[in-house]
Amino acid sequence: MAVKFSDNKYKWAIALALSTIASFCSAQESRYSFEKGMMGSPFKLVFYAKNDSIANVAAQAAFKRIEKLNELLSDYRDGSEINLLSAQSGSGKWVQVSDELFNILAISQDISEKTDGAFDATLGPVVQMWRHATRKGIFPADSAIRDAMSRTGYKKLKLDAKRKKVLLTQKGMRLDIGGLGKGFAAEEAVKVLRSFGIKSIMMDAGGKIVLTNPPPGTKGWNITISNGSDSLKTMPLSHVALATSGPTYRYMEYNGIRYSHIVDPKTGIGLLFHVRTTVISPDGTVADALATAFSVAGIEKSKQMIKQFPESRVWLVEKQEEQVAEWNTLE
Ligand code: AMP
Ligand code: MG
């Protein structure tokens, strides 16, 4: 004899099954969000994890990794590995460095070569000079700019990939990886989260963002990009990195002229025209470095440079007084 369910019984069974699936899914994946001030910027971490304890442990481990990187790579810290390396410039000594420092310098040098030096991690002496000038509100003398500039140049930085050793060929050189450090930190933090089995991640390291899988059941992370004025774009993105460089609170104003914290390696002076650059690349370190490099290069030169980075896309806005020029390959 066939068993017959009433309509109602069916409804109950389906409702029960659905609610079981729903609670199973939510037990599997909840959204977690963490925020912390690091490397002088707000760092935001959003991801999906099975429960609170995994989420908390993973987030703390990710922040700890960034803290460790900051200890090695910050040029603000006297005893950081990068500053100890700079202190040996001109000694003729090949210095053994950590994997982290070596890897970031290797990426930096590669980008320098491909951007004809628009990106340059040896600008430390000039960046230092500008930080001083900004604090004091005094424009540096020509002689000071010339002196700082004479101690820069990415070709004076040599890498030995086999032995992970570095040589700074001239005395008084100073490395500054501020142009790609946050993108690198974001990538490293994502690796830590992945080691906890976390798959859907958005790591925002002060505007340098790395995205992995989309949030469960969605097409991507809704990322809003601005061109600096009122024009905004929201795009669902995943498995990419994006970085924005632009006019922030970090600039110097002198005689009514604004100088950006991004320096033109050819002149040793902060960029004069307002630029805002967003780059999307497969890798966060590269996206970060390119956003800085394209800001320096401007629209016309960047159009040539991007041929070396076929997987990258860019939105570059240049403002000179009332004149605005844009170049957008994001869509
Ligand atoms: P970002 O916000 O990524 O564009 O990085 C800006 C920081 O990069 C500055 O504060 C400097 O520490 C450093 N920097 C400035 N100019 C350059 C440049 N031309 N190439 C590489 N790094 C730079
Ligand atoms: Mg950058």
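Our subject is the structure listed above.
Criteria and cut-off values
- Residues numbered from 1 in each chain as written.
- Chains lettered and ligands numbered in written order.
- Predicted model: local features only at pLDDT ≥ 70, side-chain atom pairs only at ≥ 80, totals over all residues.
- Heavy atoms only, no water.
- Core = buried A, V, L, I, M, F, W, Y, C linked by side-chain atoms within 4.5 Å.
- Buried < 20%, exposed > 50% of the residue type's maximum accessible area, 1.4 Å probe, protein only.
- Helix = DSSP H or I, 4+ residues; strand = E, 2+ residues; numbered from the N terminus.
- Contact = heavy atoms within 4.5 Å.
- Pairing = 2+ DSSP bridges.
- Axes fitted to C-alpha atoms, helices over the stretch in contact; angles between N-to-C directions.
- Donors = N, O, S within 2.8 Å, 3.2 Å for Na, K, Ca; no water.
- Salt bridge = Lys/Arg side-chain N within 4 Å of Asp/Glu carboxyl O.

J.: So what exactly am I meant to see when it comes to the nonpolar core here?
T.: In a soluble, globular protein the nonpolar side chains are often hidden away together inside. Core analysis: the biggest nonpolar cluster contains 69 residues, and Leu45, Phe47, Leu85, Leu105 and Met203 have the highest contact counts within it. The element that contributes the greatest number of residues to this core is helix α8 (residues 284–305), accounting for 11 residues. Residue contacts for Met203: discarding those within four places in its chain leaves Phe43, Lys44, Leu45, Ile66, Ala186, Ala189, Val190, Lys208, Ile209 and Val210. In terms of nonpolar packing, the next biggest core, distinct from the first, is built from 16 residues, Ile209, Trp315, Val317 and Leu330 among them.

J.: Sorry, what's going on with the sheet that holds strand β17 (residues 323–328) here?
T.: Two pairing modes exist for strands in a sheet, parallel and antiparallel, and in both the strands are linked by backbone hydrogen bonds. Read from one edge to the other, the open sheet built from eight strands follows the order β1-β2-β6-β7-β10-β15-β16-β17, with strand pairing classed as antiparallel. Sheet topology places β1 (30–38) and β17 at the edges, where each strand pairs with a single neighbour. Taken over all neighbouring pairs, the strand axes of this sheet differ in orientation by 10 degrees on average, direction set aside. Here strand β16 (residues 313–320) runs beside β17; their pairing, made up of six bridges, is antiparallel. Within β17, the position partnered with Leu316 by the bridge is Trp327. Strand contacts of helix α2 (residues 52–73): β1, β2 (41–49) and β6 (201–205), with the helix running at about 25 degrees to β1, the strand carrying the most contacts.

J.: Please explain the coordination of the magnesium ion (ligand 2) as it appears in this structure.
T.: Around a metal, the ideal angle is 109.5 degrees if four donors adopt a tetrahedral arrangement and 90 or 180 degrees if six donors adopt an octahedral arrangement. Looking at the magnesium ion (ligand 2), the protein donor atoms are Gly179 (O), Asp288 (O), Asp288 (OD) and Thr292 (OG1), and they sit 2.0 to 2.4 Å from it. The sequence motif formed by the donor residues of the magnesium ion (ligand 2) is G-x108-D-x3-T. Within this pair, Asp288 and its partner Thr292 are both found in helix α8, separated by four residues, close to a single helical turn. Each member of the pair, Asp288 as well as Thr292, is classed as buried.

J.: I'm lost on the pattern of salt bridges in this one. Help?
T.: It is possible for side chains bearing opposite charge to pair when their charged atoms get close. Counted according to the given criterion, the structure contains 11 salt bridges. Two residues, Asp99 and Lys164, come together in a salt bridge whose shortest N-O distance is 3.5 Å. One end of the pair, Asp99, is in helix α4 (residues 99–114); the other, Lys164, is in the loop between β4 (157–160) and β5 (165–168), and 65 residues separate them in sequence. For Asp99, a relative accessible area of 45% corresponds to the partly exposed category.

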